[in-house]
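# Coordinates in review
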Amino acid sequence: MLKKRELRRKSSQQTALKPPSSLYSDVSNVITPEMRFTLVCLMKPVLHGYFRSSCSWRVRIAFALKGIEYDQVAVNLIKDGGQQLTEQYKTLNPMQQVPAVEIDGITLSQSLAVIQYIDETRPGPRLLPADPKARAQVRMISDLIASGIQPLQNLSVLQKIGAEKLPWAQHYINRGFQALEPILKQTAGKYCVGDEISLADICLVPQVYNAERYKVDVGQYPTIKRLNDTLVEIEAFKLSHPSRQPDTPAELQA
């Protein structure tokens, strides 16, 4: 009997004397992969972006529409020759562009991929319609803007063009809008496709902002102008605007 008591006392002393690391190890052994995934999902997403980047802005709009809290890390595309070109940032996004989004234990780049992931994994309003035809129209408009217009007046392209950058940007924005206007005449209701906000609207507003920045007369495109005028009055689009970001320069703040 005495021996059993002695053994129990020694066992409890050994447990009490375990270093903290071994206690954590014991806990980690009982955490299942499902529990670990849940813990990761509870962490706020982190958006690495730039206040005036169209692609970063798209992601901010999507977060706002879904009501998702997130942290921001500024990546200044101009300072020090471009912070996106550092080796440190390259580990996040090998293309050395913004945005990069850390979410659910993975890092995603390319704004449309990020937004579609958010839409598929988070509650809130759908950003892609359930109807296959409407969903295809949303993707068509989004791709037209994200692949056919925006990259041609992106900062890295305009830096290569040099002195002719303004007419270059105007030409390609007008060329894109001339294609987009008749499409939107067919698909639009209150918003780009019908009467629900979608990925297409998320892409449209930053592109119109860029058009105005490069002195394109948006009045030539009445459907684009009408849709943009409606969308910029919505709170999610206001909150995500370049003039209201943590890295917005003081002279450009709203």
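Cut-offs and rules
- Residues numbered from 1 in each chain as written.
- Predicted model: local features only at pLDDT ≥ 70, side-chain atom pairs only at ≥ 80, totals over all residues.
- Heavy atoms only, no water.
- Helix = DSSP H or I, 4+ residues; strand = E, 2+ residues; numbered from the N terminus.
- Contact = heavy atoms within 4.5 Å.
- Expected span 1.5 Å × (residues − 1).
- Buried < 20%, exposed > 50% of the residue type's maximum accessible area, 1.4 Å probe, protein only.
- Polar contact = N/O pair within 3.5 Å; in protein donor to acceptor, adjacent residues only side chain to side chain.
- Pairing = 2+ DSSP bridges.
- Axes fitted to C-alpha atoms, helices over the stretch in contact; angles between N-to-C directions.
- Core = buried A, V, L, I, M, F, W, Y, C linked by side-chain atoms within 4.5 Å.
- Salt bridge = Lys/Arg side-chain N within 4 Å of Asp/Glu carboxyl O.

This next bit is on the environment of Val-98. Take Val-98: it is sitting in the loop between α5 (87–90) and β3 (100–103). With 42 residues separating them along the chain, Val-98 and Ser-56 place their C-alpha atoms 6.3 Å apart. The residues contacting Val-98, other than those within four sequence positions of it, are His-48, Gly-49, Tyr-50, Ser-53, Cys-55, Ser-56, Val-75, Leu-77 and Tyr-89.

The end-to-end C-alpha separation of helix α4 (residues 54–66) is 19 Å, in line with the 18 Å expected for 13 residues at 1.5 Å each. With respect to burial, α4 is a largely interior element, 12 of its 13 residues being buried. Among the residues of α4, Ser-54, Cys-55, Ser-56, Trp-57, Arg-58, Val-59, Arg-60, Ile-61, Ala-62, Phe-63, Leu-65 and Lys-66 are the ones counted as buried. Near the N-terminus of α4, the side chain that reaches the backbone nitrogen of Cys-55, with its oxygen 3.3 Å away, is that of Ser-53. One or two positions beyond α4, positive phi appears at Gly-67, with a value near 70°.

Pairing within the open sheet is mixed, and its four strands lie in the order β2-β1-β3-β4. The strands lining the two open edges of the sheet, one partner per strand, are β2 (71–74) and β4 (106–109). Mean inter-strand twist for the sheet, computed between neighbouring axes without regard to direction, equals 20°. Here strand β1 (residues 46–49) runs beside β2; their pairing, made up of four bridges, is parallel. Looking at β2, one finds that His-48 is bridged to Val-73. In the packing of α4 onto the sheet, contacts are made with β1, β2 and β3, and the angle to β1 comes to roughly 155°.

Our next topic: the nonpolar core. Among the nonpolar cores identified, the biggest contains 52 residues, and Leu-65, Phe-177, Leu-180, Leu-204 and Ile-224 are the most heavily contacted of them. If you list the elements that add at least two residues to this core, you get α4, β3, α6 (111–121), α7 (132–148), α9 (165–187), α10 (199–213), α11 (222–231) and α12 (235–239). It is α10 that contributes the most residues to this core, eight residues altogether. The residues contacting Leu-204, other than those within four sequence positions of it, are Ile-145, Leu-180, Cys-192, Ile-224, Leu-227, Asn-228 and Leu-231. Phe-51, Val-75, Tyr-89 and Val-98 belong to the second-largest nonpolar core, a separate cluster that totals seven residues.

Where charged atoms from two side chains of opposite charge approach closely, those side chains can pair. The final tally for this structure, using the stated rule, is six salt bridges. The residue Lys-44 makes a salt bridge to Glu-69 at a minimum N-O spacing of 3.9 Å. With Lys-44 in the loop between α3 (33–42) and β1 and Glu-69 in the loop between α4 and β2, the pair connects residues that are 25 residues apart, well separated along the chain. Across the salt bridge formed by Asp-71 and Lys-44, the nearest N and O atoms sit 3.8 Å from each other. One end of the pair, Asp-71, is in strand β2; the other, Lys-44, is in the loop between α3 and β1, with 27 residues separating them in the sequence. In this structure Asp-71 comes out as partly exposed when scored by relative accessible area, which is 36%. Residue Lys-44 is classed as partly exposed on the basis of its relative accessible area, which comes to 42%.

Any functional reading would require information beyond the geometric quantities listed.
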